[in-house]
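Secondary and tertiary structure notes
Each chain, written out:
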Amino acid sequence: MSNRLEAVVADIVEGIRGALMKHDVTFDEYRQGIGYIMKTVEAGELPLMIDAFLNTTICQIENRNFGGSTSTLEGPYFLDDAPFVEGALKTYEDDRHEPLLLRGRVLDLAGAPVADAIIDVWHSTPDGHYGGFHNNIPRDFYRGKLRTDAAGGYEVRTTVPVAYKIPDQGPVGALLEAMGRHSWRPAHVHYKVRAPGFHTLTTQAYFEGGEYVDSDCCEGVHSELIHADVRESGIKVIETDFELAPALAHAAAAA
Ligand SMILES: [Fe+2]
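Every value quoted in this text rests on a predicted model; they were computed, and no experiment measured them.

**Some thoughts on the overall build of the protein**
Scanning the protein from N- to C-terminus turns up 5 helices and 12 strands. For the protein, the spread of C-alpha atoms along the three principal axes comes to 60 × 45 × 30 Å. Looking at the protein residue by residue over its 255 residues, the buried ones come to 40%. The long-range fraction of contacts in the protein, counting pairs at least 24 apart against all pairs at least 6 apart in sequence, stands at 74%. Carbon together with sulfur atoms contributes 55% to the accessible area of the protein, which is approximately 14,300 Å² in total.

**Describing empty space enclosed by the protein**
The full count for this structure, using the stated rule, is 1 cavity of 30 Å³ or more. The calculated volume of the largest cavity comes to roughly 80 Å³. Looking at the lining of the largest cavity, the elements that each hand over two or more residues are helix 3 (46–66), strand 8 (201–207) and strand 12 (242–244). Considering every element that reaches the lining of the largest cavity, the biggest residue donor is helix 3, with 3 residues. Across the lining of the largest cavity, the residue classes tally to 4 nonpolar, 8 polar and 2 charged.

**Considerations on the coordination of the iron ion**
Binding of the iron ion to the protein goes through Y130 (OH), Y164 (OH), H188 (NE2) and H190 (NE2), at separations of 2.0 to 2.1 Å. Angles of 91 to 160 degrees at the metal separate the 4 donor atoms of the iron ion, which places the site in the irregular class. Of note, the donors binding the iron ion are all from one chain and are spaced Y-x33-Y-x23-H-x1-H. With Y130 in the loop between strand 2 (118–123) and strand 3 (143–147) and H188 in strand 7 (residues 188–194), this residue pair connects regions lying 58 residues apart in the sequence. An identical accessibility class is assigned to Y130 and H188; each is buried.

**Points about helix 4 (residues 171–178)**
Within the span of helix 4, buried status applies to P171, V172, G173 and L176. Contacts made by the buried residues of helix 4 are with helix 2 (27–42) and helix 3. Downstream of helix 4 by a residue or two, G180 has a phi angle that is positive, lying close to 85 degrees.

**Describing helix 2**
Spanning 16 residues, helix 2 covers 23 Å between terminal C-alpha atoms, matching the ideal 22 Å at 1.5 Å per step. After helix 2 finishes, the residue G44 shows a positive phi value of roughly 70 degrees.

**Concerning the pairing of strand 3**
Across the 5 residues that make up strand 3, a large majority, 4, are buried. Two strands pair when backbone bridges link them, and strand 2 and strand 3 are joined in this way by 5 bridges, in the antiparallel orientation. In the sheet register, V121 faces strand 3, and the bridge partner there is G144.

Scoring rules and cut-offs
Residues numbered from 1 in each chain as written. Predicted model: local features only at pLDDT ≥ 70, side-chain atom pairs only at ≥ 80, totals over all residues. Heavy atoms only, no water. Helix = DSSP H or I, 4+ residues; strand = E, 2+ residues; numbered from the N terminus. Buried < 20%, exposed > 50% of the residue type's maximum accessible area, 1.4 Å probe, protein only. Contact = heavy atoms within 4.5 Å. Areas by Shrake-Rupley, 256 points an atom, 1.4 Å probe, with all protein chains shown as cover. 1 Å grid on protein atoms, 1.4 Å probe; cavity = no way out; pocket = protein on both sides within 12 Å on 5 of 7 lines; lining within 4 Å. Points joined across faces, edges and corners; volume = space filled by probe spheres on them. Nonpolar A, V, L, I, M, F, W, Y, C, P; charged D, E, K, R; others polar. Donors = N, O, S within 2.8 Å, 3.2 Å for Na, K, Ca; no water. Tetrahedral: all angles 85-135°; square planar, octahedral: opposite > 155°, others 65-115°. Expected span 1.5 Å × (residues − 1). Pairing = 2+ DSSP bridges.

Shown next as structure tokens:
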């Protein structure tokens, strides 16, 4: 454990030293950087800053090591106690936003169905917020748990999410702006797929042609997670099959 810690920290420091050398960073800039980090800590935005830049890398490592469907960011708005839902996610009573049908199957790496898998689905409201986090929106709105049937199938109705900004009024937003970037994430649906004996898959679905799909501030978009505009009887459909890697591969990779 301590050797791994020493190896990782030493390489992180080496990487930072390389960047400082490459750009001839001055002592004044170095001190400004420390001041910025202090401000970020005081604003409670250190997790946000680290997630915005590095979480996607951890997902890439998972994808490299475990196989199965592509994993991407969980983000800060997952709630593990979301209720099971039948048929449709709870939405605003007056939600007239475009209807969306989410469906697909959960499979193992050989293509066999995984019955009784639990899929957490969550996404933004039509005004770019999350239930349980913003504006006193009830915590069971726009989220819920599904259980796959004997064929590994799942299906739920909801409405189309929208692009939203990560918190942009503090130091992280200021940094992205100063770098010439923005704080927007493209519209997406979150999924977390769990089944006994399988490595948990956390991923998202994006919409082809959607705003910021090509410039996600958190760099969580992978081309295979972008869905074409498919409609059935006028209803927008995202069909996603999730391939789960065995939990054993996870244990072996972590050993
Ligand atoms: Fe999100």
